[in-house]
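Commentary on secondary and tertiary structure
Here are the chains, one letter per residue:
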Amino acid sequence: FFFATRRLFSNPALRRAVRIMSTDDHKKDVLKKFGLNEKGATDALKNAELTGILLKMDEQFSASKLLYSVATKAHTEAHRDLLGQYVKDEKIATSQQLECALAFLKGHPEVASGDAAFEKDCGVGVTVMDEEIAAAVAKAFEEDKAAIEEDRYQYNFGSMLGRLTKTDHIKWANPTKVKAELDKQTLAVLGPKTEADAQAGKKKKEKAKPAAKTEKVKKPSAAEVAMQKEAEQMAKMTEAAKAAMSTFLYKPRLCRIKQLLDDASKGVFPDENQECVVAGWIRTTRDQRAMVFVELNDGSGPTGLQIVLEPTNCPDLEEFKKLGAGYGACIEVTGKVVKSPAAGQLVEMQGTGVKLLGPVGDGYPLAKTALPLEVLRSYPHLRVRTNVMACVMRIRNVSSFAIHKFFQERHFQYVHTPILTSNDCEGAGECFTVSTLMGQADPDYSQDFFGAKSMLTVSGQLNVETYAAGLTNVYTFGPTFRAENSNTTRHLAEFWMVEPEVWFIDQKGLMDLAEDFLKYCISHVLKECQADLLYLDQYHQRAEEERPKDDDSRRNEGSLVERLMQIVSQPFGRVTYTEAIEILKKELQEGKATFVESNLQWGMDMASEHERYLAEQVFKKPVIVTDYPAEIKSFYMKQSECGKTVAGMDILVPTIGEIIGGSVREDNFDKLVALAKSKGMTDKDVESLSWYTDLRKYGSAPHGGFGLGFERLLLLCTGMLNIRDVIPFPRYPGNISC
């Protein structure tokens, strides 16, 4: 045996294998000192780098479970050396201290041994005595004594342990020691578990058991996940918008007079001890020595606020009187709004301070007495200071908002159509040319700014129609221009048009939409502009009483307010053009009507007198006239099968005549081109509109739209008789002031 063994070990390869085996066994023994079991140590040996680190740390600092965490969690050799030394010196003795140290080093990698901030934040060198652990546990028991005595062993001691291990100083203790102390004091306080405790534990487990297994929840699809994600993003956007709106900075300094008067009419009065500030323009002043009365208007409504200024309350009064502020001057007043003892007004302001902001110089053209509207038109920059024009402009504001509100509530998209254009939508040739080639007798527009003849738009219809082909329901609302040398009460060179276009609609749907739209706008004015409407009603009644008997110019019949309420309270009449012509002929033949244009023939373009007669005398309400002759309508209107009429419709209203005009549009490419040429358009003209005709080539469908002249709507809502009085700065032949 001896010689056999000697021969066996004389083999160099075998001797090397034996040495490796003995070395691996040694290494495994060292690794087990780090707290690894047999399998863990065997697996660790397969990682040469980790094994090398652990062997080196054992040699330097003596292996332990805590040191294993240092070896596997520290990111650099410097950090392993730093933490290993602290572990060896027992300055880091618990897992909590080590985890805190590792986290600190992650944010501060350059920390060196002895760093005060590091040692303080990580509890380095802190030793928690057993007595301190016992005291902390006892304190926790005392704080929750009632609940522990009631719940006994069903009390959540795990939660208490979690709180203890997060408490200052105790958090650096060995968790095992804290748990042992908690168990010890639990037994001391509650005693051994009884049968009742065991039964209570069973009930708690039964209660905590999950419900009977239900059908497996279906995993959401990719589309559902995407929708959920989108919904969450939308919710975040909504919250962000709400948060932003709650932090707006601007807070009005002044009280609005209309708001004060409206509140008073509802029985709501300001605190008499609270001072308010109002500012505006003087309408009247009365100096009665002992006190001064001022009627102030800030443009918020037709009724002003009476200001009472007395020397005892208003130290500025004497100085203010010396300045001679009168009608039209701009002032600011501070004071208290109180119930008024005078008849005809609910509140007044007792002024405590008054400042003249802007005096009125010589030559102020406005007077206290009402000036004729013709005179006011000479001062477009000042006429809004008068009550009548202020009422009209407030109604214009509310009507503008109503237009947007109507369409936005019905999910229409607002489109800004261009003011500069290369096409004459109406084909009337009454356009303003825009050119840089001024003074040339026969300008070559190919050399002009745009390389082609350009004009101010007469309508946004064609442009907005292109967007309806992608957005379905759209509208435009903006200025349009007509170079028509007309000085009538119904025409302007610059005016505003509302033009909706709707895809997938027929003639009846278009008529319903137009009727709803007109009623909505008028209803909104009736609701929001009541004081203005009542003032204008009285204004028109006075004007009618003062009208000379021999004045046969156009006038309104009856009350403005009653006329508007009647329009919104009943369905509009509906009649074809053919029927309307027959009605007018019959009225003329029976002597019920007289017209300047009395030669009534099918195919004629009805004049304003015919339109008004139908609305005022025949139907006595708005009426929609449909199916006009094709010869008198635009090329884009859809023709009937016979080709004689188009699917057009106009709304005629009392006092105005036509207020809305629209049609179903021709949606067939070949027919549209043929219609354009039949109206006299050349091939070149048609080619210039290729962007419009293309809509019929690429995904066309039935569609239609209409246009409303905004100023005509305002004539209807205000009762004014001249269109120049319902637009801030009227443009007409011979006038472009301001």
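Residues numbered from 1 in each chain as written. Predicted model: local features only at pLDDT ≥ 70, side-chain atom pairs only at ≥ 80, totals over all residues. Heavy atoms only, no water.

**Things to note about a nonpolar patch on the surface**
For the record, the criterion: For patches, a residue must show more than 30% relative accessible area and have no salt bridge; joins then use 9 Å for like charges and 5 Å for nonpolar side chains, namely Val, Leu, Ile, Met, Phe, Trp and Tyr. What sets the accessible areas is the Shrake-Rupley method with a 1.4 Å probe; for residues, cover comes only from the shown protein chains. Definition used for salt bridges: Asp or Glu carboxyl oxygen within 4 Å of a side-chain nitrogen of Lys or Arg. Starting at the N terminus, helices and strands are each numbered in turn, a helix being any DSSP run of H or I of at least four residues and a strand any DSSP run of E of at least two.
Taken together, the side chains of Leu420, Phe449 and Phe450 define a hydrophobic patch exposed on the protein surface, amounting to about 350 Å² of accessible area. As for its placement among the helices and strands, phenylalanine 449 is situated in the loop between strand E8 (433-434) and strand E9 (454-456).

**Brief notes about the packing of aromatic side chains**
Where we set the bar: Pairing of aromatic side chains requires ring centres within 6.5 Å, counting the rings of Phe and Tyr and the six-membered ring of Trp. Pairs whose planes differ by under 30 degrees are stacked, by over 60 edge-to-face, and all others tilted. Either the NZ atom of lysine or the CZ atom of arginine qualifies as a charge over a ring when it sits within 6 Å of the ring centre and within 35 degrees of the ring normal.
Tallied over the full model, the rule gives 23 aromatic pairs. An aromatic cluster is built from Phe406, Phe407, Phe412, Tyr414, Tyr475, Phe517, Tyr520 and Phe706, whose rings are joined through pairwise contacts. When the ring centre of phenylalanine 669 is taken as origin, the NZ or CZ atom of lysine 697, which lies over that ring, is 5.4 Å away.

**Things to note about the nonpolar core**
This is how the line gets drawn: In this text, buried Ala, Val, Leu, Ile, Met, Phe, Trp, Tyr and Cys residues form a nonpolar core when linked through side-chain atoms within 4.5 Å. Per-residue accessibility, obtained with a 1.4 Å probe over protein chains only, is compared with the maximum for each type, and a residue is labelled buried under 20%, exposed over 50%, and partly exposed between these values. In what follows, a contact means two residues having at least one pair of non-hydrogen atoms within 4.5 Å.
Counting residues in each nonpolar core, the largest one holds 64 residues, and the members touching the most others are Phe517, Leu518, Ile651 and Ile660. With sequence-adjacent residues up to four places away left out, isoleucine 660 is seen in contact with Ala514, Phe517, Leu518, Met649, Asp650, Ile651, Phe706, Gly707 and Leu708. By size, the runner-up hydrophobic cluster in this structure holds 32 residues, among which are Phe595, Leu600, Leu614 and Ala615.

**Some words on unusual backbone geometry**
Of note in the backbone geometry, arginine 289 takes a positive phi value of approximately 60° without being a glycine. Topologically, arginine 289 is positioned in the loop between strand E1 (275-287) and strand E2 (292-297). In the Ramachandran plot, phenylalanine 504 falls in the positive-phi region, its phi being about 65° despite a non-glycine side chain. You can see phenylalanine 504 is positioned in the loop between strand E11 (494-503) and helix H20 (507-528).

**A few points about the pairing of strand E3 (residues 305-309)**
Quick reminder of the rule: Any two strands with at least two DSSP bridges between them are considered paired.
Within E3, five of the five residues are buried, which leaves it mostly tucked inside the rest of the structure. The two faces of E3 match: Leu305, Ile307 and Leu309 on one face and Gln306 and Val308 on the other face are all buried. Pairing analysis gives five bridges linking E2 to E3, with the strands arranged antiparallel. Looking at the pairing, valine 294 lines up with isoleucine 307 of E3.

**Observations regarding the pattern of salt bridges**
Here the structure, examined in full by the defined rule, presents 36 salt bridges. The closest approach of N and O atoms between glutamate 616 and arginine 612, which form a salt bridge, is 2.7 Å. Residue glutamate 616 and its partner arginine 612 are both found in helix H24 (residues 608-618); the two are separated by four residues, about one turn of the helix. Each of Lys508, Asp512, Glu515, Lys519 and Arg574 takes part in a single network of salt bridges with overlapping partners.

**Regarding the confidence of the model for the protein chain**
Let me state the cut-off plainly: A score from 0 to 100, pLDDT tells how confident the predictor is in each residue.
The predicted model of the protein chain averages 89 in pLDDT, with 94% of residues at 70 or higher. Below a pLDDT of 50 lies the segment residues 1-5, which in the model reaches zero contacts outside its immediate sequence neighbourhood of four places, other chains included.

**Examining the packing of helix H5 (residues 65-73) against helix H7 (residues 95-107)**
For the record, the criterion: Working convention: axes come from line fits to C-alpha atoms, limited for helices to the stretch in contact. Angles between N-to-C directions cover 0 to 180 degrees. Working definition: roughly parallel below 35 degrees, roughly antiparallel above 145 degrees, roughly perpendicular at 65 to 115 degrees, and oblique for all remaining angles. Each crossing gets its hand from how the near helix is turned against the far one by less than a right angle, where anticlockwise is left-handed and clockwise is right-handed. Here the term charged refers only to Asp, Glu, Lys and Arg, the term nonpolar to Ala, Val, Leu, Ile, Met, Phe, Trp, Tyr, Cys and Pro, and the term polar to all other amino acids, Gly among them.
Where H5 meets H7, the axes come as close as 10 Å, and the angle between the chain directions of the two elements is 15°. In terms of their interaxial angle, H5 and H7 are classed as roughly parallel. Note that H5 runs across H7; the crossing there is right-handed. Between H5, through Leu66, Ser69, Val70 and Lys73, and H7, the contact on the second element is made entirely by Ser95, Leu98, Glu99 and Leu102. Among the residues forming the contact of H5 with H7, the class breakdown is four nonpolar, two polar and two charged.

**Looking at helix H25 (residues 669-678)**
Worth spelling out the cut-off: Here the arc refers to the set of directions running from the helix axis out to each C-beta atom. Pairs of N or O atoms within 3.5 Å make up the polar contacts considered here, provided that, within protein, one atom can donate a hydrogen while the other can accept it, and that residues adjacent in sequence are counted only when both atoms are side-chain atoms.
Here H25 has its buried residues at Leu672, Val673, Leu675 and Ala676. All buried residues of H25 lie within an arc of 160° about the axis, which places them on one face of the element. Within H25, the exposed residues directed more than 90 degrees away from the buried face are Asp670 and Ser678. Tucked into the core, H25 has its buried residues touching helix H26 (683-688) and helix H27 (690-693). One side-chain oxygen at the N-terminal end of H25 lies 3.1 Å from the backbone nitrogen of aspartate 670; it belongs to asparagine 668. Glycine 680 lies just past H25 and shows a positive phi near 100°.

**Some details on the side chain of glutamate 181**
Among the structural elements, glutamate 181 can be located in helix H12 (residues 175-190). Apart from residues no more than four positions distant in its own chain, glutamate 181 is found in contact with Ile133, Ala134 and Val137.

**Some details on the pairing of strand E15 (residues 657-664)**
Most of E15 sits out of view: six of its eight residues are buried. Both strand E14 (residues 648-653) and E15 contribute to a ladder of six bridges, which runs antiparallel. Looking at E15, one finds that glycine 648 is bridged to serine 663. In sequence, E14 turns back onto E15 through a hairpin of three residues, with threonine 655 there showing a positive phi of about 75°.

**Thoughts on helix H11 (residues 157-164)**
Where H11 is concerned, the buried positions are Phe157, Met160, Leu161 and Leu164. The buried residues of H11 occupy one face: seen down the axis, they fall within an arc of 100°. Those residues of H11 that are buried lie in contact with helix H9 (130-143), helix H10 (145-151) and H12. Capping the start of H11 is the job of one residue whose side-chain oxygen sits 3.3 Å from the backbone nitrogen of glycine 158: asparagine 156.

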